[in-house]
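Spelled out, the chains give:
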Amino acid sequence: MKPRFAEVDAYISELFAPEDEILLSIEPALVAAGSSLAFASVSPAQGKLLQLFAHMCGAKRILEVGTLGGYSTIWMARALPSNGKLVTIEYDEKHIGVAKKHFEMAGLNDRIEIKQGKAIDVLQELSENNAEPFDMVFIDADKPPYAEYFELALKMCRKGSIIIADNVVRGGKVLDETSEDAAVQGVQRFNHMLSYNEDVYANILQTVGLKDWDGMAIAVVK
Ligand SMILES: C[S@@+](CC[C@H](N)C(=O)[O-])C[C@H]1O[C@@H](n2cnc3c(N)ncnc32)[C@H](O)[C@@H]1O
């Protein structure tokens, strides 16, 4: 039987994750801004899943690594209470421009702070100065340093915080032990580290649909 993953995903999204005009306008805005990653946002159903996780842990403070046009950011920020805060890290000026505009359109400017810079540097700085723990972290930037992003994020979490890392299956390429692809090697190293990390309960959820075949690692801090 021919896989109908994208069609079923569209069916699920229509039922549970309909996009408003703001979310729908992010991808075209990234294309117009000349981004090479215009189609790299999570899918609507994945955005809704992230929002559900935020509700599940009663998130008041969320940290995101990799903003792009703010698509996943908006899904998550919409689960925050009015005094909640989401800090999102991005180094690309074009992406920040698109994200800022859309946070404003969504009326979320007061809840979202963009930290511009290389994720590893920003995370290092945040972890040295962070006063309050994050309830939820979403890691979705360059893959080679995923393990380091996770370790730094973990320092800023509390018992019960949720850490999610996207794209850890990569169409099954994660099984290829001889892969020379730095992104594949990065998630292999990350997945292995996560599997024996004693500070968290963790698993990987395979995902299929509009974004093809991939997976999200999900961890809860002990
Ligand atoms: C997959 S996209 C993020 C998608 C976004 N989370 C969403 O679902 O809407 C990855 C983003 O991370 C940014 N990025 C990649 N490497 C980075 C780094 N080392 N530091 C900061 N940002 C980085 C890219 O510019 C890109 O915007």
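The coordinates are above.
Residues numbered from 1 in each chain as written. Predicted model: local features only at pLDDT ≥ 70, side-chain atom pairs only at ≥ 80, totals over all residues. Heavy atoms only, no water.

Taken as a whole, the largest pocket encloses approximately 780 Å³ of empty space. Class assignment for the residues of the lining of the largest pocket results in 15 nonpolar, 11 polar and 11 charged. There is about 310 Å³ of room inside the second largest pocket. Together, 18 residues line the second largest pocket, and Asp9, Ile12, Ala45, Gln46 and Val208 are the ones closest to its centre. Secondary structure elements with two or more residues in the lining of the second largest pocket: α1 (5-16), α4 (44-56) and β6 (200-207). The residue inventory of the lining of the second largest pocket, partitioned by class, reads 9 nonpolar, 4 polar and 5 charged. (1 Å grid on protein atoms, 1.4 Å probe; cavity = no way out; pocket = protein on both sides within 12 Å on 5 of 7 lines; lining within 4 Å. Points joined across faces, edges and corners; volume = space filled by probe spheres on them. Nonpolar A, V, L, I, M, F, W, Y, C, P; charged D, E, K, R; others polar. Helix = DSSP H or I, 4+ residues; strand = E, 2+ residues; numbered from the N terminus.)

In total, this model carries 0 disulfides according to the counting rule given. In this structure Cys157 is a free cysteine whose sulfur lies 9.5 Å from that of Cys57, the closest cysteine sulfur available. (Disulfide = S-S within 2.5 Å.)

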